[in-house]
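# Secondary and tertiary structure notes
Okay, here's what each chain looks like letter by letter:
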Amino acid sequence: MVRIAPFAGLPRPWRWAARVLTVLLALALVLGVVATVTVRRSFPQVAGEIEVPGLSAPVTVRRDANGIPHIYADTPADLFLAQGYVHAQDRFWEMDFRRKTTAGRLSELFGATTLDVDKVVRTLGWRRTAEQEVARLAPETVAGLESYSAGVNAWLSQHGDAAGRSLEYVVLGLTGVDYTPEPWTPADSVSWLKAMAWDLRSNMDSELSRALSAAKVSPDRVQALFPGYPYDRHLPIVTASTPEAGAPAGTTPGGRGIAGAGVALAGAARAVAAVPSLLGTAGADRAGIGSNSWVVGGAHTATGKPLLANDPHLGPRIPSIWYQAGLHCRTRTAACPYDVTGFTFSGLPGVVIGHNQRIAWGFTNLGPDVTDLYLEHTRDGAYQDGAEWRPVTSRRERIEVAGGAPVELDVRSTGHGPIISGVLADARNAIPGATARPAPSAEAGGDDADGGTEGTAAGTAAAGGAAVTEVALRWTALDPGRTADAIFMLNRAQNFEEFRTAAASFEAPSQNLVYADVDGNIGYQAPGRIPVRASGDGTWPARGWTGEQEWTGFIPFEKLPSVYNPPEGYIVTANNAVTRPGGDVYLTSDWSYGYRSQRITDLVRKAIEEGPVTADTMSRIQLDDANTLAPVLVPYLLRAGVPGEVRDVLGRWDFRQSRDSAGAAVFNATWRHLLGRAFADELTGAAEPGGGDRWYEVVRALLDRPDDPWWDDIRTPAKETRDDMLAAAATAAAAELTEELGDAPEDWRWGDLHTLELTHETFGTSGVGPIEWLFNRGPLRTAGGKDTVNATGWTTSAGYQVDWVPSMRMVVDLADLDRSRWINLTGASGHAFHASYDDQAEPWADGGTLPMRHTEAAVRAAAVDTLTLRP
């Protein structure tokens, strides 16, 4: 989410005047524009006929009562051109904002308030990489991207004024920005894949947290904050395959070599935090962010055919990340092979998650370690590489700023990648007490493991040519890849072999891919461009000057885990470990800890035993809200002398987190205060607790060590123990709930705390109430929690509000595709006040789904609007 403050760059008196003017204008907009035809001018035409240049033959678009389109064409070119047109009809502002973000050009619209975002994105070079990627894609992929672009541009040519495009352009005009969107290009589409890869970038945040925590506490205490995966309690995805390799030899013990790099690492952390999450995860506790997907074979189902479920966990916003659609060749042939229904991304052709007439697929984040932070010694425009000094490469980027002068940015890179630590202002303020010291010379050996050195984040040579320490990023997604090819190939795949061929091109972000087909087969494939390291396991920043932790290649696709028709007859993925350790490939050490995956596995096993499994069974599992840490922690709380009202509520609690649960409110409030008291006292600015399943494992281990130092709050003179801390946390929770929800514990409700605000990605955080009212919706009371199957995430350090969600839910029935079900978080439309803007939000919150129609007969029967696009 990007926080937009259009007037932030003005002098303070003018800024206040501008805000007052904006409020007045916004009120006028609410009272006038909203009440008139202006808002409706951008609503798409969904019936009748439209002439669309570039088509070779008529295309039919049928929409159901929720505005979900199914598109029918005779050729792939016409099909993807029409998809581009329809996406633009409903979501062009979203598309335009995304491409501005991924190109590092937000400041052209929003002024200096987004300058930091643009600086970091330009440094990472998403757009540059996307342009290189387009040139390397398969001809049929490029053709699809070009046709899609032609459709978007056909719509743009017909909607030249702001009000005709969307309400957002009208509001943008109120800020004084005179803006006309540029034509769409294939690189605009491919750039979105870079943003998706960034948001699902695996363990870089954990790597930074370890390093920053090492500046606060001893290495052994840092290790206690990142426990190993509990293989004894939580199964991996592939239960009967070659195990995964353990960490490579030469793993950096306790972060050797980073002790003096605090300022540079803080600068890198600031740069990472500055980049907006286009999948909505910025500001949330990212640990454990992922998805659920599982498949059950026909031997266990009522129909004798497989069932596949998927619910990706992403950040909430309005409009939703996803756009539902069907793409159909009227007659499916080798020349026109598409017949696919599912979830798309506006701005990108094809279907990302869904099914065609033969196979279905779903995604969860695999999370392999595909990023490394390299500490670099730099001086006089060079960086240290062993005993040599090599030139730092540089390029100049010009950032246009609305209402201000252009900004020139020097982007600098080493052989490992762009230097990110010095992109923003000096990082010394990011770590209290941090100071800048020169890095050691090459002649001194360059190893700062014992006492260490720090450098300024700016990367300029110190006086006398002394070296400084900076941080460069190595990330697979900064190399041109083939993920766009994979999407088109998945849409066309007819069997598991073709599915795996498509997966081989799905390089970034690396996903767990689950599979089912109408013949009764189920499968799993781990794809991705995953590095092999000479030494080290990627859990700590590497010493770039030594050459000891270089990437030596990538794991061959044929060695990545895969399974087909496993004997147990089901496959469960929820960001858990893929295989057990002990094999010859190493993926990561930073898995999600398997609480969701094991709960799903247990529920699937129970459903199989009670049998048979139905689509309704799969949907019920998606909504499961049991907290699986609670049975472990609650007994300790009850023995710790907690207040009577807490004891009574927890003693009756069934460990479920429904919207109306008093026990869930008490437990989660206690959990929040417990983490703040036990850990925040020592970890502020480092690995502060967010409350997810890593912290489940940390606290679980500490429960058997009542005198562990982590239980002591160093801010008090007393030396607290486990029971002291548990009792204090429960007492604070009771006081908070009394203040927030009243003095009757039986009336406390989890859903009154755990609410979801559907916030518009740009103007939803403008700071101007009337403008936010135009675009935002909610709040919605929600069930579930951080690591329940119904994963409505929240961050303990921020409060109880939902900050990531099952962004959609889908259950595919391979016996009858028209019996499949789906739901989106908000709705099809991106136009505020349109009937389809938020019509799916309440059903989503209630756990409901809609029919996921696929066949032409079912689509035609449910259609309420039919539009013909003519050449």
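Predicted, not measured: the structure shown is a model, and the values here were computed from it.

## Section: the pattern of salt bridges
Opposite charge on two side chains permits pairing when their charged atoms draw close. Counted by the stated rule, this structure contains 52 salt bridges. For Arg-63, the salt bridge goes to Asp-90, with nearest N and O atoms at 2.9 Å. Taken together, the residues Arg-63 in strand β2 (residues 59-63) and Asp-90 in helix α2 (residues 76-102) connect sequence positions 27 residues apart. By relative accessible area, Arg-63 is classed as buried at 5%. One continuous salt-bridge network, built from bridges that share partners, spans Asp-96, Arg-99, Arg-127, Glu-131 and Asp-188.

## Points about the nonpolar core
One recurring pattern in soluble globular proteins is that nonpolar side chains are buried together. Ranked by internal contacts, the top residues of the largest apolar core, which has 169 residues, are Tyr-524 and Leu-869. Examining the composition of this core, we find that 11 residues originate from one element, α2, more than from any other. Grouped together as the second largest cluster of nonpolar side chains are 52 residues, Val-642, Ala-662, Trp-695 and Leu-726 included.

## Regarding the packing of aromatic side chains
A complete count under the given rule lists 32 aromatic pairs for this structure. When the ring of Trp-671 is compared with that of Tyr-696, the centres are 5.6 Å apart and the planes differ by 75°; the resulting orientation is edge-to-face. Separated by 25 residues along the polypeptide, Trp-671 in helix α19 (residues 662-678) and Tyr-696 in helix α21 (residues 693-702) bring together distant segments of the chain. Judged on exposure class, the residue Trp-671 and its partner Tyr-696 are both buried. Taken together, the aromatic side chains of Phe-92, Trp-93, Phe-110, Trp-155, Tyr-169, Tyr-179, Phe-763 and Phe-775 make up a single cluster linked through ring pairs. The ring of Phe-226 has Arg-210 lying over it, and the distance from NZ or CZ to the ring centre is 4.3 Å. The ring of Tyr-800 has Arg-672 sitting right over it, with the charged end atom 5.2 Å from the ring centre.

## Section: the state of the cysteines
Under the definition given, this model contains 1 disulfide. Linked covalently through their sulfurs, Cys-329 and Cys-336 form a disulfide whose S-S length is 2.0 Å. Torsion about the S-S bond of the Cys-329 and Cys-336 cystine: about -85°, corresponding to left-handed handedness.

## A few points about the sheet that holds strand β17 (residues 522-525)
With mixed pairing, the 11 strands of this open sheet are ordered in space as β1-β29-β2-β3-β6-β7-β8-β9-β16-β17-β21. One side of each edge strand has no neighbouring strand; the edge strands of this open sheet are β1 (48-51) and β21 (562-564). Neighbour-to-neighbour, the strand axes of the sheet open up by a mean angle of 15°, direction not taken into account. Direction of pairing for strand β7 (residues 339-344) relative to strand β8 (residues 353-356): antiparallel, over a ladder of 4 bridges. Counterpart to Thr-341 in the pairing with β8 is His-355. Sheet strands in contact with α2 are β1, β2, β3 (69-73), β6 (323-329), β7 and β29 (865-870), and its direction is about 160° off that of β6.

## Structural notes on the pairing of β2
The buried fraction of β2 is high, at 5 of 5 residues. Where burial is concerned, the two faces of β2 agree: the one with Val-59, Val-61 and Arg-63 and the one with Thr-60 and Arg-62 are both buried. Both β2 and β29 contribute to a ladder of 5 bridges, which runs antiparallel. Bridge pairing in β29 links Thr-60 to Thr-868. In this antiparallel pair of consecutive strands, β2 and β3, the connection spans 5 residues, and Gly-67 shows a positive phi of 75°.

Rules of the game
Residues numbered from 1 in each chain as written. Predicted model: local features only at pLDDT ≥ 70, side-chain atom pairs only at ≥ 80, totals over all residues. Heavy atoms only, no water. Salt bridge = Lys/Arg side-chain N within 4 Å of Asp/Glu carboxyl O. Helix = DSSP H or I, 4+ residues; strand = E, 2+ residues; numbered from the N terminus. Buried < 20%, exposed > 50% of the residue type's maximum accessible area, 1.4 Å probe, protein only. Core = buried A, V, L, I, M, F, W, Y, C linked by side-chain atoms within 4.5 Å. Phe/Tyr/Trp six-rings, centres within 6.5 Å; stacked < 30°, edge-to-face > 60°. Lys NZ or Arg CZ within 6 Å of the ring centre and 35° of its normal. Disulfide = S-S within 2.5 Å. Pairing = 2+ DSSP bridges. Axes fitted to C-alpha atoms, helices over the stretch in contact; angles between N-to-C directions. Contact = heavy atoms within 4.5 Å.

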